[in-house]
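# Structural overview
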Amino acid sequence: MTMEIFIDAMQPEDWPEVRAIYEAGIATKNATFETAAPDWEQWDAAHRKDCRLVARANGTVVGWAALTPVSGRCVYAGVAEESVYVSESARGQGVGKKLLTALIEVSEQCGIWMIQTGIFPENEASIQLHRNCGFRVVGYREKIGQMDGVWRDTLLLERRSRVVGV
């Protein structure tokens, strides 16, 4: 049975559910180099206020997506880094694709012309999701960071806006 998914803007009161999904992603050790979720104030300050979404099923947050500016320099104002996380119970049901598709649409309305993301090569589901949403692999970053004392690689993916035309 397919769950009915609604996408809407993330609100501060969504943070406990968003944080729990983020922490579950962190625990997989294949979603991020982060080792702990920040508090709301830190997370809120780091992410664009106009490009953060949640997916809801039966009134419960089952996923989230957000953009972080890649730089404070004005020439990079249209470039953002993307994060998308889906709760374990909702994986494989199209939640990630709905979230990422909606985030792309919102980002283009906000003048974002390029979204980038770094994904561990082992996270094949995330790589496929991003490819299905128009991202392409543009680089392989070997031993870019350590996790638990082990150097990890990431793939760099990007999606350029068709709206802006670059």
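Read on for an overview of the structure. Computed from a predicted structure; not experimentally measured.

### Some remarks on the sheet that holds strand E2 (residues 52-57)
- Spatial strand order, E1-E2-E3-E4-E5-E7-E6: seven strands in an open sheet with mixed pairing. In this open sheet, the two edge strands, each paired with only one partner strand, are strand E1 (6-9) and strand E6 (136-147). The mean angle between the axes of side-by-side strands here comes to 25°, regardless of whether they run parallel or antiparallel.
- The sheet contact formed by E6 and strand E7 (residues 150-160) spans eight bridges and is antiparallel. Paired with Gln 146 across the two strands is Trp 151, which belongs to E7.
- Contacts between helix H1 (residues 15-28) and the sheet are confined to E2, strand E3 (60-69) and strand E4 (79-86), with E3 contributing the most and set at about 80° to the helix.
- Against the sheet, helix H4 (residues 124-132) touches E4, strand E5 (114-119), E6 and E7, its axis set at about 165° to E5.

### Looking at H4
- Within H4, burial applies to Ser 126, Ile 127, Leu 129 and His 130. For H4, the arc enclosing every buried residue in end-on projection is 160°, short of the 170-degree limit, so these residues lie on one face. Exposed residues lying more than 90 degrees from the buried face of H4 are Glu 124 and Ala 125.
- Contacts from the buried residues of H4 go to E4, helix H3 (95-109), E5 and E7.
- Phi turns positive one or two residues past the end of H4, at Gly 134, with a value near 90°.

### Description of the nonpolar core
- Val 62, Leu 67, Val 95, Leu 99, Leu 100, Leu 103 and Phe 135 are the most contacted members of the largest nonpolar core, which has 28 residues in total.
- Listing elements by their share of this core, those giving two or more residues are E2, E3, E4, H3, E5, H4 and E7.
- One finds Ile 21, Val 54, Ala 66 and Tyr 85 within the second-largest nonpolar core, a separate group that totals 14 residues.

### Points about the environment of Asn 30
- Here Asn 30 is to be found in the loop between H1 and helix H2 (40-46).
- On a C-alpha basis, the gap between Asn 30 and Trp 64 in space is 17 Å, while along the polypeptide they are 34 residues apart.
- In this structure Asn 30 touches Phe 120, Glu 122, Asn 123 and Arg 152, once residues within four positions along its chain are discounted.
- A polar contact of 2.6 Å, which involves the side chain of Asn 30, links it to the side chain of Arg 152.

### Observations concerning unusual backbone geometry
- For Asn 58, which is not a glycine, the phi torsion comes out positive at approximately 55°.
- As for its placement among the helices and strands, Asn 58 is situated in the loop between E2 and E3.
- We classify Asn 58 as exposed; its relative accessible area is 79%.

### As for the side chain of Thr 117
- For Thr 117, the position within the fold is in strand E5.
- Exposure remark for Thr 117: the relative accessible area of 6% places this residue in the buried category.
- Setting aside chain neighbours within four positions, we find Thr 117 in contact with Glu 81, Glu 82, His 130, Phe 135, Leu 155, Leu 156 and Leu 157.

Cut-offs used in this document
Residues numbered from 1 in each chain as written. Predicted model: local features only at pLDDT ≥ 70, side-chain atom pairs only at ≥ 80, totals over all residues. Heavy atoms only, no water. Pairing = 2+ DSSP bridges. Helix = DSSP H or I, 4+ residues; strand = E, 2+ residues; numbered from the N terminus. Axes fitted to C-alpha atoms, helices over the stretch in contact; angles between N-to-C directions. Contact = heavy atoms within 4.5 Å. Buried < 20%, exposed > 50% of the residue type's maximum accessible area, 1.4 Å probe, protein only. Arc of directions from axis to C-beta. Core = buried A, V, L, I, M, F, W, Y, C linked by side-chain atoms within 4.5 Å. Polar contact = N/O pair within 3.5 Å; in protein donor to acceptor, adjacent residues only side chain to side chain.

Geometry only, nothing functional implied.
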